[in-house]
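# Remarks on the overall topology
Spelled out from the first residue to the last, the chains are:
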Amino acid sequence: MQIKQKLKNLLNINKTSLFWGCLSFIISFCLIFIIMQRNFHTSVLKKGLEEGIINLNQINTDIAYSKINFSSIPELDLAEIDDFSLYDLNGNWKISFPKIRIYQPWLSTKKLLISLGNEQEFNLKGKIYNISGDESVLEITLGENGQPELLLAQLKNISIKNFAKIKQINIASRKLNMTMPSDSFLPSMENFLEINHVDIDGLLNYPLTSHINHLYLKTMLMGRIESTSDLKSDIHNWLNKDGYLDISAFTINWQPLLMVGRGQLTFTEQLKPVLKLETSSKGMLKLIDDFQNKNFIDNKGAFVVKVLLGSKAFKLKENDEELTVVTPINYRDQKLAVENFTIKTFNQ
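Residues numbered from 1 in each chain as written. Predicted model: local features only at pLDDT ≥ 70, side-chain atom pairs only at ≥ 80, totals over all residues. Heavy atoms only, no water.

### Describing the side chain of Asp-246
We apply this condition: Secondary structure counts use DSSP, requiring at least four H or I residues in a row for a helix and at least two E residues in a row for a strand, with both numbered from the N terminus. Here a polar contact is taken to be a pair of N or O atoms separated by no more than 3.5 Å, where protein atoms must pair a possible hydrogen donor with a possible acceptor and residues adjacent in sequence count only if both atoms sit in side chains. Here, two residues are considered to be in contact whenever any of their heavy atoms come within 4.5 Å of each other.
Looking at the secondary structure, you find Asp-246 in strand S13 (residues 244-254). A polar contact is formed between the side chain of Asp-246 and the side chain of Arg-262, at a distance of 3.2 Å. In this structure, Asp-246 is in contact with Lys-218, Thr-219, Met-220, Met-222, Arg-262 and Gly-263, ignoring residues within four places of it in sequence.

### Brief notes about the pattern of salt bridges
For side chains bearing opposite charge, pairing can occur when the charged atoms are close. Stated formally: Any carboxyl oxygen of Asp or Glu that lies within 4 Å of a side-chain nitrogen of Lys or Arg is treated as forming a salt bridge with it. When accessible area is computed with a 1.4 Å probe and restricted to protein chains, residues below 20% of their type maximum are described as buried, those above 50% as exposed, and intermediate ones as partly exposed.
This model, assessed by the stated rule, comprises 13 salt bridges. Two residues, Glu-80 and Lys-99, come together in a salt bridge whose shortest N-O distance is 3.6 Å. With a gap of 19 residues between them, Glu-80 in strand S3 (residues 79-88) and Lys-99 in strand S4 (residues 93-103) connect regions that are remote in the sequence. Among the residues examined, Glu-80 registers a relative accessible area of 29% and is labelled partly exposed.

### Here we look at the layout of surface pockets
Stated formally: The method works on a 1 Å grid over the protein atoms by themselves. A cavity is a set of points holding a 1.4 Å probe that cannot get out, a pocket is an open set with protein on both sides within 12 Å along at least five of seven lines, and residues with an atom within 4 Å of a point line them. Grid points are joined across faces, edges and corners, and a volume is the space filled by probe spheres set on the points. Under the scheme applied, nonpolar residues are Ala, Val, Leu, Ile, Met, Phe, Trp, Tyr, Cys and Pro; charged residues are Asp, Glu, Lys and Arg; polar residues are all the others, including Gly.
Approximately 810 Å³ is the volume found for the second largest pocket. If you trace the second largest pocket, you find 32 residues lining it, with Phe-250, Ile-252, Leu-257, Met-259 and Leu-277 closest to the centre. Counting residues per element, the ones that place at least two in the lining of the second largest pocket are strand S11 (187-200), strand S12 (211-222), S13, strand S14 (257-267), strand S15 (273-282), helix H3 (284-293), strand S16 (324-332) and strand S17 (335-338). Here the element with the most residues in the lining of the second largest pocket is S13; it accounts for six residues. Its residues assigned to classes, the lining of the second largest pocket shows 29 nonpolar, two polar and one charged.

### Section: the pairing of strand S6 (residues 119-124)
What counts here: Criterion used throughout: strands pair if DSSP finds at least two bridges between them.
Pairing of S4 with S6 involves four bridges; the strand directions are antiparallel. Paired with Ser-96 across the strands is Glu-121, a residue of S6. Note that S6 and strand S7 (residues 127-132) share six bridges and pair antiparallel. Looking across to S7, one finds that Glu-119 is bridged to Ser-132. What sits between the antiparallel neighbours S6 and S7 is a turn of two residues, in which Lys-125 has the positive phi angle 50 degrees.

### Focus: the nonpolar core
Applied cut-off: We call a set of buried residues a nonpolar core when its members are Ala, Val, Leu, Ile, Met, Phe, Trp, Tyr or Cys and they connect through side-chain atoms within 4.5 Å of each other.
Formed by 38 residues in total, the largest nonpolar core has its most connected members in Ile-158, Ile-166, Val-198, Met-284, Ile-288 and Leu-309. Other than its neighbours up to four places away in sequence, Ile-158 contacts Ile-131, Ser-132, Gly-133, Ala-164, Lys-165, Ile-166 and Ile-169. Within the second largest apolar cluster, 14 residues are counted, among which are Ala-79, Ile-81, Ile-100 and Leu-116.

### Here's the deal with the packing of H3 against helix H4 (residues 299-312)
Put simply, the rule is: Fitted lines through C-alpha atoms give the axes, limited to the stretch in contact for helices. The angle between two N-to-C directions lies from 0 to 180 degrees. Here the angle decides the label: under 35 degrees means roughly parallel, over 145 means roughly antiparallel, 65 to 115 means roughly perpendicular, and every other value means oblique. Here a crossing is taken to be left-handed if its near helix is turned anticlockwise relative to the far helix by less than a right angle, and right-handed if that turn runs clockwise.
It is at 10 Å that the axes of H3 and H4 come closest, and there the two elements cross at 165 degrees. Of the possible angle classes, the one that applies to H3 and H4 is roughly antiparallel. The chirality of how H3 crosses H4 is left-handed. From H3, Met-284, Leu-285, Ile-288, Asp-289 and Gln-292 reach across to H4, where they touch Asn-299, Ala-302, Val-305, Lys-306, Leu-309 and Gly-310. Broken down by class, the residue content of the contact of H3 with H4 amounts to six nonpolar, three polar and two charged.

### Remarks on the packing of aromatic side chains
Just so we agree on the cut-off: Pairing of aromatic rings covers Phe, Tyr and the six-membered ring of Trp, with a centre-to-centre limit of 6.5 Å; geometry is then stacked below 30 degrees between planes, edge-to-face above 60, and tilted otherwise.
Counting across every chain of the model gives four aromatic pairs. Between Phe-84 and Phe-97, the aromatic rings sit 6.2 Å apart at their centres with planes inclined by 45 degrees, giving tilted as the arrangement. Taken together, the residues span a long stretch of sequence, with Phe-84 in strand S3 and Phe-97 in strand S4 at a distance of 13 residues. With respect to burial, Phe-84 and Phe-97 carry one shared label: buried. Here the aromatic rings of Tyr-129 and Phe-163 are separated by 6.0 Å at their centres, their planes lie at 80 degrees, and the arrangement is edge-to-face. Here Phe-163 lies in the loop between strand S9 (148-160) and strand S10 (164-175) and Tyr-129 lies in strand S7, a separation of 34 residues in the sequence. What makes Phe-163 partly exposed here is its relative accessible area of 37%.

### Some details on H4
Filter applied, for reference: What a helix is expected to span follows from its residue count: subtract one and scale by 1.5 Å. This arc is built from the directions going out from the helix axis to the C-beta atoms.
Counted at 1.5 Å a residue, the expected span for H4 with its 14 residues is 20 Å, and the 20 Å between its end C-alpha atoms agrees. Every buried residue belonging to H4 is among Gly-301, Ala-302, Val-305 and Leu-309, and all of these are buried. Buried residues in H4, looked at end-on, bunch into an arc of 95 degrees, giving them a common side. Seen from the buried face of H4, the exposed residues on the opposite side, beyond 90 degrees, are Lys-300, Phe-303 and Ser-311. Buried residues belonging to H4 abut H3, S16, S17 and strand S18 (341-345).

Here you go:
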């Protein structure tokens, strides 16, 4: 009887030891897997930083930072960057972040979170705009090769000193048809941008009201931009294959203007933008009047455009205060045209 009891106790001990041994193995395996994944992601980040600098330099842009640390240890950030700046090599603009953190949710191997902090600074030709708000975090979902496939961001309560306050910005971007041939003419990326409730500083001189209710933009990148070591060549090759950015839909609700439309954006050989839009709007005639009164647009062009738009303007609803017009709007070579008549030429 005693022998049987001893065997039973021994068996219980062995079961307990086996359980804890299996649990320890599983935990160790998970930790090793997580560390290996983090090692992979840090190597991807380092390589991406090097390639990013090369590509940015090709478009007269560069980055700077005072310190950068990478870590593969769980619970620590994958990377921390102090005093990060993205700037134009010609000195036209610079945006600065006191600290950027790149980290992963616990037990997640497919997502990266990038914290931009809650304070930034934008320098436009020597004029500084201090930006503050809730913590800005970008969420990136990675594919099997470690490359980004989905980007999500929601920025809230943004204040740009002496310029504007923005209630919310939503951003989404995802890759499409990732296995398509390089010469295929399918959309390779879908992008969304939504901005809600913007209050502009009342001291700024502009013809519209100081509150923007809603801005919305959906675009599709048609064709695929191949990724090599030469960004400019990649873009030229994409353009030579008739690549362009399809503007599937956009909405502007900025009183007195309410505009919807679609169009496309492409580029010249010198990579200057060429924008073509088909729009339907209310308040366009009043907006042109206000622009003209502030000498913001060309008087001769504005006069012709108002005649053309006035001849086809109509009331969409009987109680509408503003007339509706359907009109093309184009931009090329620093010239903004409505009904194919230039109303504004911008400085280079």
